[in-house]
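Structural characterization, general
Below are the chains, spelled out letter by letter.
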Amino acid sequence: MAIYNIRQFGDPVLRQRAREIENVDGALRRLVDDMIETMYDAPGLGLAAPQVGVERRLFVYDIGDGPHAIINPVIVESRGEWNYDEGCLSIPDLSWNVVRPNEVHLRGVSIDGEEIDIEADELLARCFQHEMDHLDGILLVERLDADQRKEAMSILRHRTLDAAVAIDPAHV
Ligand code: NI
């Protein structure tokens, strides 16, 4: 088992649409184990493969009864509205109140090749929608309203500059 570095806002891998998984093999099982370990270490409620640099349609989650992994997930239906203070491991230490559908119906495949069919609401539904966004290259900042996004981009721009200065030895 190994803990991955979680890719951070600004990393282009977070902006790609991840590809469907065709084969469940030993390498994929190891990836799932390592993603679960990385999620617990962070700690977070969910982690999508692109966040560890793997552009495949897979996420892991645990909102208290896990861990679970879902391969090639699809949201087939969503309903209602729910406001929740949402964060992301790729944008650490920040969160915003975001309205999204309250209920989702998600289908996918388990690591054992079994079909998954879940009706989720509230926190689990939010987790599914957030991780699905990662598989489509969409980050939480794109779900913010105009004022929230302006504030977010200002904070994130400064962070990126600070990181560049820290890495560049000329500034040491
Ligand atoms: Ni996230």
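Below: a short report on this structure. Bear in mind the structure is a predicted one, so any value in this text is a computation, not a measurement.

**A closer look at the environment of Gly108**
Relative to the assigned elements, Gly108 resides in strand S6 (residues 103–109). Classification of Gly108 by relative accessible area gives buried; the value is 9%. Residues in contact with Gly108, not counting those within four places in the same chain, are Ile70, Ile71, Asn72, Pro73, Glu114, Glu115 and Ile116.

**Remarks on the coordination of the nickel ion**
Summarising the metal site, the nickel ion is bound by the protein donors Cys88 (SG), His130 (NE2) and His134 (NE2), whose distances to it range over 2.1 to 2.3 Å. Sequence positions of the donors to the nickel ion reduce to the motif C-x41-H-x3-H. Of the two residues, Cys88 is situated in strand S4 (residues 82–88) and His134 in helix H2 (residues 122–135); the sequence distance between them amounts to 46 residues.

**So, the pairing of strand S7 (residues 115–121)**
Summarising the sheet, S6 and S7 pair through seven bridges and their orientation is antiparallel. In the strand pairing of S7, Leu106 is matched with Ile118. The turn joining S6 and S7, which pair antiparallel and follow one another in sequence, is formed by five residues; a positive phi near 85° is taken by Gly113.

**What about unusual backbone geometry?**
Between Ala42 and Pro43 the backbone carries a cis peptide bond, its omega angle lying at -10°. Tracing the backbone shows Pro43 in the loop between helix H1 (26–41) and strand S1 (46–48). Residue Pro67 is reached from Gly66 by a cis peptide bond, and omega for that bond is 10°. Note on placement: Pro67 falls in the loop between strand S2 (58–61) and strand S3 (68–79). The residue Asp93 is not glycine, and still its phi comes out positive at about 70°. Tracing the chain through its elements places Asp93 in strand S5 (residues 91–100). The phi angle at Glu122 is positive, at roughly 45°, despite the residue not being glycine. Within the element layout of this structure, Glu122 appears in helix H2.

**Describing the pattern of salt bridges**
The tally for this structure, following the rule as stated, stands at 13 salt bridges. A salt bridge links Glu20 to Arg57; the nearest nitrogen and oxygen atoms lie 3.7 Å apart. Of the two residues, Glu20 is situated in the segment before H1 and Arg57 in the loop between S1 and S2; the sequence distance between them amounts to 37 residues. Judged by its relative accessible area of 4%, Arg57 falls in the buried class. The shortest N-O distance in the salt bridge between Arg79 and Glu103 comes to 3.1 Å. Placement of Arg79 in strand S3 and of Glu103 in strand S6 is noted, with a sequence separation of 24 residues between them. A relative accessible area of 30% places Glu103 in the partly exposed class. If you follow the salt bridges from partner to partner, you end up with Glu86, Arg100, Arg126, Asp133 and Arg143 in one network.

Conventions adopted
Position labels on residues start from 1 in each chain and follow its written sequence. The model is predicted, so local features are restricted to residues of pLDDT at least 70 and side-chain atom pairs to those at 80 or more, both for listing and for counting; the totals for chains, interfaces and linings are taken over all residues. The side-chain numbers reported here are obtained from all heavy atoms of the structure, hydrogens and water having been left aside. Numbering of helices and strands starts at the N terminus; helices are DSSP runs of H or I of at least 4 residues and strands are runs of E of at least 2. Here's how the labels work: a residue is buried when its accessible area is under 20% of the maximum for its type, exposed when over 50%, partly exposed in between, all with a 1.4 Å probe on protein chains only. In this description, contact between two residues means that some pair of their heavy atoms is separated by no more than 4.5 Å. Here the term donor refers to an N, O or S atom within 2.8 Å of the metal (or 3.2 Å for Na, K and Ca), and because water is left out of the atoms, sites may appear incomplete. In this analysis, strands are considered paired if DSSP registers two or more bridges between them. Within this document, salt bridges are pairs made up of a side-chain nitrogen of Lys or Arg and a carboxyl oxygen of Asp or Glu, the two lying within 4 Å of each other.

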